[in-house]
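Single-letter residue listing:
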Amino acid sequence: LITNGEFLEFVEAGGYDSEALWTKEGWIWKSVRKACHPTFWVCHKGCKSGCEGELKSYSHCQVSAGAVEGCYRYRAMFDVLDMPLDWPAEVNYHEAYAFCTWKGPDCRLPTEAELHLMKGRQKSPLVGTPCDIIFQKDVESRCNVNMAFCSSTPVDFYPPTDAGFHDVFGNVWEWLEDHFNGLPGASVDYLYLDFSIPFYDGMHNMILGGSWISTGDSASRFARFWFRRHFFQHMGFRMVRSRSPTPVRLIKTPVWEIGTGFKDVPVTVRGASEECMMESTTAEFSLDTDRNFALQLLSDYGTRREIEFDNVFKLDPSLFRTQLASVCNAAAHGKPTSSLLVIGCGTGHLAFEMSKTFTSVIGTDFSARFIDTATQLRSGKSISFPSIPAMCLPKRDVTMPAGVNPSRVSFRQFWWMPMELQNFDMIVVNIMDRSSCPHYWLLRLRECFSQHGTLVINSVDWGASRLQPFLAKQGFQLSNTRQFSHISLVGKESFTVSQSQVTVWELTA
């Protein structure tokens, strides 16, 4: 691992003042944070903490905080120490990249594949849990984990692997060049949904190995973790030199960011070949492409004339919108109508319509572009259809439907169902057919209601018989089923006329 002593040379050589050493993203971070050295270093120049809120003006770089003029000290968990030059430098990805660039044009961070080689020979998984270092009895004599010292340790304090590398587990997390992404053939477990696919976006780099404060499975040989490139806590790095094509996995899928639009995924690995550039394994990101966004707009706000552009679809999409809203209103008749949650609100049409009935409506979706659009419509802005040469799309702008109550409606991007979603009188689930893990959305429904409530589920593939095992044990009873023809998005870029099954359930227990 690169030590504080080695990183000190970079600092004293003016590394934080040379824009040429940094990525564009990294230089923006450095400039905004006014960083002059690693965050846990202490000088006497009054450097700002980089925090927000009440800590925005605070500085730990002052004499009263333990600084000594003319030298750097180190801020540990409980004390400010003389700089431990042989401890690993704790920095973010941007700082690590700049250091490697300063060392030479062919220097870089390791990749995930390379770090696995540094671990040396490992026991076969066939032997069970003893194959993993975190389950081995001598773990704390082999690596700095489980708060053994409540601090880092010298980079050669623990024995090396048989490949000759120290601290491949523990001490500090190790930054890697790879973007966090699913491995080939990977599927998403519903318990891991919100900890994986939202972050296969090219904005999160891999980190491996755990740190001195890691407990549980964080330092496991099988654990794959990630963080935004500006994160720094207990993060260190190694430096390697390329002599052959770099075995790195980078994401090329454009990802929509609310308020910004498509955000460029920076290529930070010099010399990375086209073979290293991969699509995100998060299929949901494909909903934000121009084609699928246009199809969602047509589904939510289109007319029969507009949707017959390829002479295939003969169905008026507004008919299904009216039918679904009618089912919801009929189910709400004579019951409390204080709050409604629409899971899979698309670009907002149903949420807007139901604001005529409910006092408060929250629309959620995992598509950032859908939520961005719904939010802009709510504010009174108009949205244009994208220009796609192969599609004869409407030339008109889309606006919020007339007669609705926008002050009652809010939109939020969620990849999961957080605890804040509570006390609803009705929930409409409209997301099952475009989720990587559809049954996940059924598991917390009971907790999101008030004592009683109505659940409406619209799905092509999930009818009453398939839903029953998930919902009955939560206290839901089927009260109504309807079937309607409608235009739906299926798969990555497929738009078809489907028979939608709308089921209504009452929470009775």
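The structure presented is a predicted model; accordingly, all values stated were derived computationally and were not measured.

**Q** When you look at the sheet that holds strand S3 (residues 80–82) in this model, what are you seeing that I'm missing?
**A** Strand pairing within a sheet occurs via backbone hydrogen bonds; the two strands may be parallel or antiparallel. What the three strands build is an open sheet, ordered S1-S2-S3; its pairing is antiparallel. Because the sheet does not close on itself, it has two edges, and the strands there are strand S1 (41–42) and S3. As paired strands, strand S2 (residues 73–75) and S3 are joined by three bridges and run antiparallel to one another. What sits directly across from arginine 73, in S3, is aspartate 82.

**Q** Hey, could you run me through the packing of aromatic side chains in this one?
**A** To describe a pair of aromatic rings, one takes the distance between the centres and the angle between the planes. Taken as a whole, this structure holds 38 aromatic pairs when the rule is applied. With centroids separated by 5.8 Å and ring planes inclined at 55°, the aromatic side chains of phenylalanine 10 and tyrosine 16 adopt a geometry described as tilted. The buried category is assigned to phenylalanine 10, whose relative accessible area is 0%. Here the aromatic cluster, defined as three or more aromatic residues joined through ring pairs, consists of Phe7, Phe10, Tyr16, Trp22, Trp27, Trp29, Trp41, Tyr72, Phe99, Trp102 and Phe237. Against the face of tryptophan 27 rests lysine 30, its NZ or CZ located 4.9 Å from the ring centre. Just above the ring of tryptophan 462 sits the side chain of arginine 466; from NZ or CZ to the centre is 3.9 Å.

**Q** I would appreciate a short explanation of the sheet that holds strand S5 (residues 173–179) in the present structure.
**A** Spatial strand order, S7-S6-S5-S8: four strands in an open sheet with mixed pairing. Of all strands in the sheet, those with a lone pairing partner are strand S7 (225–228) and strand S8 (235–236), marking the two edges. Strand direction decides the pairing type here: S5 and S8, joined by two bridges, are parallel. Paired with tryptophan 173 across the bridge in S8 is methionine 235.

**Q** Is there a simple way to explain helix H1 (residues 4–12) in this structure?
**A** An α-helix turns once every 3.6 residues. As a result, residues three or four positions apart point the same way. For H1, every residue scored as buried is listed here: Asn4, Gly5, Phe7, Leu8, Phe10 and Val11. Considering only its buried residues, H1 is in contact with S1, S2 and helix H3 (93–103). Just downstream of H1 lies glycine 14, where phi reads positive at about 85°.

**Q** Quick question: what am I supposed to make of the side chain of serine 59 here?
**A** Structurally, serine 59 can be placed in the loop between S1 and S2. Within the structure, serine 59 has its side chain in polar contact with the backbone oxygen of glycine 46 (distance 3.5 Å). Apart from the residues lying within four places of it in its own chain, the contact partners of serine 59 are Gly46, Cys47 and Lys48.

**Q** When you look at the confidence of the model for the chain in this model, what are you seeing that I'm missing?
**A** Regions with low pLDDT should not have their predicted coordinates read in detail. For the chain, mean pLDDT is 90; residues scoring 70 or higher make up 94% of the total. Across the chain, element-level confidence peaks in S8 with a mean pLDDT of 98 and bottoms out in helix H7 (residues 304–307) with 66.

Conventions and cut-offs
- Residues numbered from 1 in each chain as written.
- Predicted model: local features only at pLDDT ≥ 70, side-chain atom pairs only at ≥ 80, totals over all residues.
- Heavy atoms only, no water.
- Pairing = 2+ DSSP bridges.
- Helix = DSSP H or I, 4+ residues; strand = E, 2+ residues; numbered from the N terminus.
- Phe/Tyr/Trp six-rings, centres within 6.5 Å; stacked < 30°, edge-to-face > 60°.
- Buried < 20%, exposed > 50% of the residue type's maximum accessible area, 1.4 Å probe, protein only.
- Lys NZ or Arg CZ within 6 Å of the ring centre and 35° of its normal.
- Contact = heavy atoms within 4.5 Å.
- Polar contact = N/O pair within 3.5 Å; in protein donor to acceptor, adjacent residues only side chain to side chain.
- pLDDT = per-residue confidence, 0-100.

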